[in-house]
Amino acid sequence: MSGTSQDGVDVALIETDGDIITRFGPTAYRSYSKPERALLRSATAAAANATERTARPDIIADAEARVNDAHAEAVETFLAANSIQPADVSVIGFHGQTVLHRPERGLTIQIGDGRVLAARLGIPVVYDFRAADVAAGGEGAPFAPMYHRALAQRLGLEPPVAVLNVGGVANVTYIDGEDLIACDTGPGNALLDDFVRLRTDRLLDTDGHLAAAGAVDEQAIARFLAHPFFTKPPPKSLDRNDFRGWVGETFDTHGAEDGAATLTALTAASVARIVPLLPRAPKTWIVSGGGARNPTLMRMLAGRLAPARVETADDAGWSIDALEAQAFAYLAVRSLRGLPISLPTTTGVPRPLCGGVLAEP
């Protein structure tokens, strides 16, 4: 899995039948280099006006080749480090790198060719998970809710439970027994990361130190939350760069610390805005993704979601870093079995829908 934060590739091994998770295996991470991140940012910018899902002009083709290589290298290193033979792996779930997500235009683009990966690794690959959902009228995101439900059922927590993933974009899965509701809630780390990179020599606000030292501009947050996206009921989804222009207009006069504090609080506030749109307020929130490693964000979430309990995926016995990679392994198995990977209540697709494309080696 390579998410909207565009920081690297997570690899995870699980054993599952696409319903029950029977075993968690090892995990690994392959960071994108600075030139690779720059290439992905350029490809994302170039894709902004794309109209064809399969088109790969110029820099997007270069980025796709780099994504293919990075994922293949990540898997090869992982297999060697854990003494696993390719023949012992039934299938790889390959999400690819999102460079554009515009479901209102019937378009979502994840670069990365599963056929190249399957041929190089000698392992079947399921990829292109989102396209069928968008083609059928769904949002094409979020896509981990069924895996979240399988995880939550192992814990036996009192429902309802919310699983919050804070990557580049933040998304939530609401779980009440078998019932699922899911949607993107707003910006995750992307706007904050971009702001910090422009204002400092850092790639991100490590451990939330900048935000912890700053003051939150509550008026800016109130203006932001007036956007109609935040009162629209789920399902709904966002592109990584939605609201990026607003940040430039609003934060020209903010220093690094105050800007980081406000953008971190904005993520927490937009998550809290989803609660009135759910059937019941969740009793427990379990947070995964890079945001779960930000103590300042976790404190802000706890404050805005009180009296609900807020904990990290690691606290719950899951994995903050590997959860999304595990989810696409799980979805790959569901795809092989012809089981639904998206639902009307998770993406707005008209009916439970299978998805993904199988590439044989």
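In what follows, the structure referred to is the one given above.
Bear in mind the structure is a predicted one, so any value in this text is a computation, not a measurement.

A. The overall build of the protein, seen in detail. In terms of regular secondary structure, the protein is built from 12 helices and 12 strands. Its C-alpha atoms give the protein a radius of gyration of 19 Å, within 12% of the compact-globule value 21 Å for 361 residues. Each of the three principal axes of the protein carries a C-alpha extent, and together these read 55 × 50 × 40 Å. For the protein, buried positions account for 57% of its 361 residues. Here the contacts in the protein between residues at least 6 apart in sequence split such that 69% fall between residues at least 24 apart. For the protein, the accessible area works out to roughly 14,500 Å², and carbon and sulfur atoms hold 51% of it.

B. Summary view of the packing of aromatic side chains. Applying the stated criterion to the full structure yields eight aromatic pairs. Measuring from centroid to centroid gives 5.3 Å for Phe229 and Phe230, while their planes differ by 90 degrees, and the two rings are edge-to-face. When sorted by exposure, Phe229 lands in the same class as Phe230, which is buried. Arranged with centres 5.7 Å apart and planes meeting at 20 degrees, the rings of Phe230 and Phe243 form a pair that is stacked. Residue Phe230 is located in the loop between α8 (218–225) and α9 (244–250), and its partner Phe243 is located in the loop between α8 and α9; the two are separated by 13 residues in the primary sequence. Residue Phe230 is classed as buried on the basis of its relative accessible area of 3%. Classification of Phe243 as buried rests on a relative accessible area of 13%. Across from the ring centre of Phe229, 4.4 Å away, lies the NZ or CZ of Lys236, which sits over that ring.

C. Expanded view of the layout of surface pockets. Of the pockets and cavities examined, the second largest pocket occupies roughly 600 Å³. Looking at the second largest pocket, it is lined by 29 residues, and the ones nearest its centre are Ala12, Leu13, Ile14, Val89 and Val91. Split by residue class, the lining of the second largest pocket holds 20 nonpolar, five polar and four charged.

D. Summary view of the nonpolar core. Of all hydrophobic cores here, the largest spans 81 residues; its most connected members are Leu164, Trp285 and Leu301. Apart from residues lying up to four places away in sequence, Leu301 is in contact with Leu164, Ala268, Val271, Val287 and Val310. Judged by nonpolar contacts, the second largest core, of 32 residues, contains Val67, Ala70, Leu79 and Ile123.

E. How the structure looks around the environment of Leu157. Assignment of secondary structure puts Leu157 in the loop between α5 (145–155) and β7 (161–166). According to the relative accessible area criterion, Leu157 is partly exposed, its value standing at 29%. Taking the C-alpha atoms as reference points, Leu157 and Ile109, 48 residues apart in sequence, are found 36 Å from one another. The residues touching Leu157, leaving out its near neighbours within four places in the chain, are Thr284 and Ile286.

F. Looking closely at the pattern of salt bridges. This structure, assessed with the given rule, holds 22 salt bridges. A salt bridge links Asp113 to Arg115; its shortest N-O distance comes to 2.9 Å. The partner of Asp194 in a salt bridge is Arg197, and the shortest N-O contact between them spans 3.2 Å. Within this pair, Asp194 and its partner Arg197 are both found in helix α6 (residues 190–199), separated by three residues, close to a single helical turn. Residue classification places Asp194 among the buried positions, given a relative accessible area of 5%. By relative accessible area, which is 22% here, Arg197 ends up partly exposed. Through salt bridges with shared partners, one network takes in Arg30, Glu36, Arg66 and Glu73.

G. Just the pairing of strand β5 (residues 107–111), in detail. The buried fraction of β5 amounts to five of the five residues, a majority that puts the element mostly inside the structure. What you see with β5 is no split at all: Leu107, Ile109 and Ile111 on one side and Thr108 and Gln110 on the other are buried throughout. Relative to β5, strand β4 (residues 97–102) runs antiparallel, the two sharing five bridges. Bridge pairing in β5 links Gln97 to Ile111. Connecting β4 to the antiparallel partner β5 that follows it, the hairpin turn spans four residues, and Gly106 within it adopts a positive phi of roughly 70 degrees.

H. Region of interest: the pairing of β7. A large share of β7 lies buried, amounting to six of its six residues. Alternating positions in β7 separate into two faces, Val161, Val163 and Asn165 on one and Ala162, Leu164 and Val166 on the other, with burial throughout. As judged from the six bridges shared by β7 and strand β8 (residues 169–176), these two strands associate in the antiparallel manner. Bridge assignment links Val163 to a residue of β8, and that residue is Thr173. What sits between the antiparallel neighbours β7 and β8 is a turn of two residues. Relative to strand β10 (residues 284–288), β7 runs parallel, the two being bridged by five bridges.

What counts, and where the lines are drawn
For every chain, the first residue of the written sequence is number 1, and numbering continues from 1 onward in sequence order. Confidence filtering applies because this is a predicted model: local features only for residues at pLDDT of at least 70, side-chain atom pairs given and counted only at 80 or more, and all residues used for totals across whole chains, interfaces and linings. As a rule here, side-chain values come from all non-hydrogen atoms in the structure, and water together with hydrogens is ignored. The numbering of helices and of strands both runs from the N terminus, where a helix is a DSSP run of H or I of at least 4 residues and a strand a run of E of at least 2. We compute the radius of gyration over the C-alpha atoms and compare it with the globule rule, which gives 2.2 Å times the number of residues raised to the power 0.38. Using a 1.4 Å probe on the protein chains alone, a residue whose accessible area is under 20% of its type maximum counts as buried, one over 50% counts as exposed, and one in between counts as partly exposed. Two residues qualify as a contact provided that any one of their heavy atoms is within 4.5 Å of a heavy atom in the partner residue. Accessible surface area values rest on a Shrake-Rupley calculation with a 1.4 Å probe, where residue burial reflects the displayed protein chains alone. Pairs were defined over the aromatic rings of Phe, Tyr and Trp, the Trp ring being its six-membered one, requiring ring centres within 6.5 Å. Orientation was assigned from the angle between planes: stacked under 30 degrees, edge-to-face over 60, tilted for the rest. Definition used: whenever NZ (Lys) or CZ (Arg) falls within 6 Å of the ring centre and also within 35 degrees of the ring normal, the charge is taken to sit over that ring. In this analysis, the protein atoms alone were mapped onto a 1 Å grid. Cavities are point sets where a 1.4 Å probe fits without being able to get out; pockets are open sets with protein on both sides within 12 Å along at least five of seven lines; lining residues have an atom within 4 Å of a point. Grid points are joined across faces, edges and corners, and a volume is the space filled by probe spheres set on the points. Residues are grouped as follows: Ala, Val, Leu, Ile, Met, Phe, Trp, Tyr, Cys and Pro are nonpolar; Asp, Glu, Lys and Arg are charged; every other residue, Gly included, is polar. The criterion is simple. A nonpolar core is a set of buried Ala, Val, Leu, Ile, Met, Phe, Trp, Tyr and Cys residues joined through side-chain atoms within 4.5 Å. Note on definitions: salt bridges are taken to be side-chain nitrogens of Lys or Arg within 4 Å of carboxyl oxygens of Asp or Glu. Note on pairing: two strands pair once DSSP finds at least 2 bridges between them.

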